[in-house]
Amino acid sequence: MELAELVQDADFRASVRRMAEYQAAERHAGDRTGLHHDLSNYVRERVAAALKAGIDPAGSTAAPILDDLVERYAETFQTTDTPNYRNALLRRLEIANDPRTERYLNLLHVINGWPTQPSLAPIFDWFTCALRSHASSSSQGV
């Protein structure tokens, strides 16, 4: 029932459409990097450790963690860490971080008897907050 209600929600469908359009635009602009399981796992591990340690994403102690994460993203997407790149990464994460999408995928897992995945919402909430707080910084000092 919840799944049916979710897919009938016009705002949810618009959000999924934005995600798909964003990914299509990235592909059209030349992104051929494919899936990023290693990057996702790395982000999950680093941010989970920061959350466990109580590191405030807006605080100065988050900056080295954020620098590391952005550098990993930049390497994966063959670019450099600049304030403009951080803003683009923030936009990417904000588009992708709709908790309804995560709920939709979890419901599909339950229906199909697949193991459910732990929530990434706290991870990406921390990451986006850190990017907002430190968007004008970069490990390149640009």
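Just above, that's the structure.
Residues numbered from 1 in each chain as written. Predicted model: local features only at pLDDT ≥ 70, side-chain atom pairs only at ≥ 80, totals over all residues. Heavy atoms only, no water.

### Here we look at the packing of aromatic side chains
This model, assessed by the stated rule, comprises three aromatic pairs. Both rings, one in Tyr73 and one in Phe77, keep their centres 6.1 Å apart while their planes meet at 15°; by these two values the pair is stacked. For the pair Tyr73 and Phe77, a shared accessibility class is recorded, and that class is buried. An aromatic cluster is defined as three or more aromatic residues linked by ring pairs; in this entry it consists of Tyr73, Phe77 and Phe127. (Phe/Tyr/Trp six-rings, centres within 6.5 Å; stacked < 30°, edge-to-face > 60°. Buried < 20%, exposed > 50% of the residue type's maximum accessible area, 1.4 Å probe, protein only.)

### Some points on the nonpolar core
By size, the foremost hydrophobic cluster in this structure holds 23 residues, and its most contacted members are Val43, Leu69, Tyr73, Leu89, Trp126, Phe127 and Leu131. In contact with Phe127, not counting residues within four places along its chain, are Val43, Leu66, Leu69, Tyr73, Leu89 and Leu93. (Core = buried A, V, L, I, M, F, W, Y, C linked by side-chain atoms within 4.5 Å. Contact = heavy atoms within 4.5 Å.)

### A word on the packing of helix 3 (residues 37-52) against helix 4 (residues 63-76)
At a closest axis distance of 11 Å, the pairing of helix 3 and helix 4 adopts a crossing angle of 175°. Classed by the angle they form, the pair helix 3 and helix 4 counts as roughly antiparallel. Contacts between helix 3 and helix 4 involve Leu39, Tyr42, Val43, Arg46, Val47 and Ala50 from the first element and Pro64, Ile65, Asp68, Leu69, Arg72, Tyr73 and Thr76 from the second. Across the contact of helix 3 with helix 4, the residue classes tally to nine nonpolar, one polar and three charged. (Axes fitted to C-alpha atoms, helices over the stretch in contact; angles between N-to-C directions. Helix = DSSP H or I, 4+ residues; strand = E, 2+ residues; numbered from the N terminus. Parallel < 35°, antiparallel > 145°, perpendicular 65-115°, else oblique. Nonpolar A, V, L, I, M, F, W, Y, C, P; charged D, E, K, R; others polar.)

### Focus: the environment of Val7
For Val7, the location among the structural elements is in helix 1 (residues 2-8). A sequence separation of 93 residues divides Val7 from Arg100, and the C-alpha atoms of the two residues are 9.9 Å apart. Apart from residues lying up to four places away in sequence, Val7 is in contact with Phe12, Arg13 and Tyr104.

### Observations concerning the packing of helix 3 against helix 7 (residues 121-133)
At a minimum axis separation of 9 Å, helix 3 and helix 7 run at an interaxial angle of 80°. By the angle between their axes, helix 3 is roughly perpendicular relative to helix 7. Facing helix 3, whose interface residues are Val43, Arg44, Val47, Ala48, Ala50 and Leu51, helix 7 presents Pro122, Ile123, Phe124, Trp126 and Phe127. Class assignment for the residues of the contact of helix 3 with helix 7 results in 10 nonpolar, no polar and one charged.

### Examining unusual backbone geometry
One non-glycine residue, Gln78, lies in positive phi territory at about 55°. Within the secondary structure, Gln78 is located in the loop between helix 4 and helix 5 (83-96).

### Digging into helix 5
Compared with an ideal rise of 1.5 Å per residue, which puts 14 residues at 20 Å, helix 5 spans 20 Å between its outermost C-alpha atoms and is within 8% of the ideal. For helix 5, the full list of buried residues reads Pro83, Tyr85, Arg86, Leu89, Leu90, Leu93 and Ile95. (Expected span 1.5 Å × (residues − 1).)

### Side note on the environment of Pro118
You can see Pro118 is positioned in the loop between helix 6 (99-112) and helix 7. Residue Pro118 is classed as exposed on the basis of its relative accessible area, which comes to 55%. Separated by 16 residues in the primary sequence, Pro118 and Glu102 have C-alpha atoms spaced 9.7 Å apart.

### A word on helix 7
Here helix 7 contains 13 residues, and its C-alpha end-to-end distance of 18 Å stays within 8% of the 18 Å for a straight helix at 1.5 Å per residue. By the burial criterion, the buried members of helix 7 are Ala121, Ile123, Phe124, Trp126, Phe127, Thr128, Ala130 and Leu131. In the core, the buried residues of helix 7 are packed alongside helix 3, helix 4, helix 5 and helix 6.

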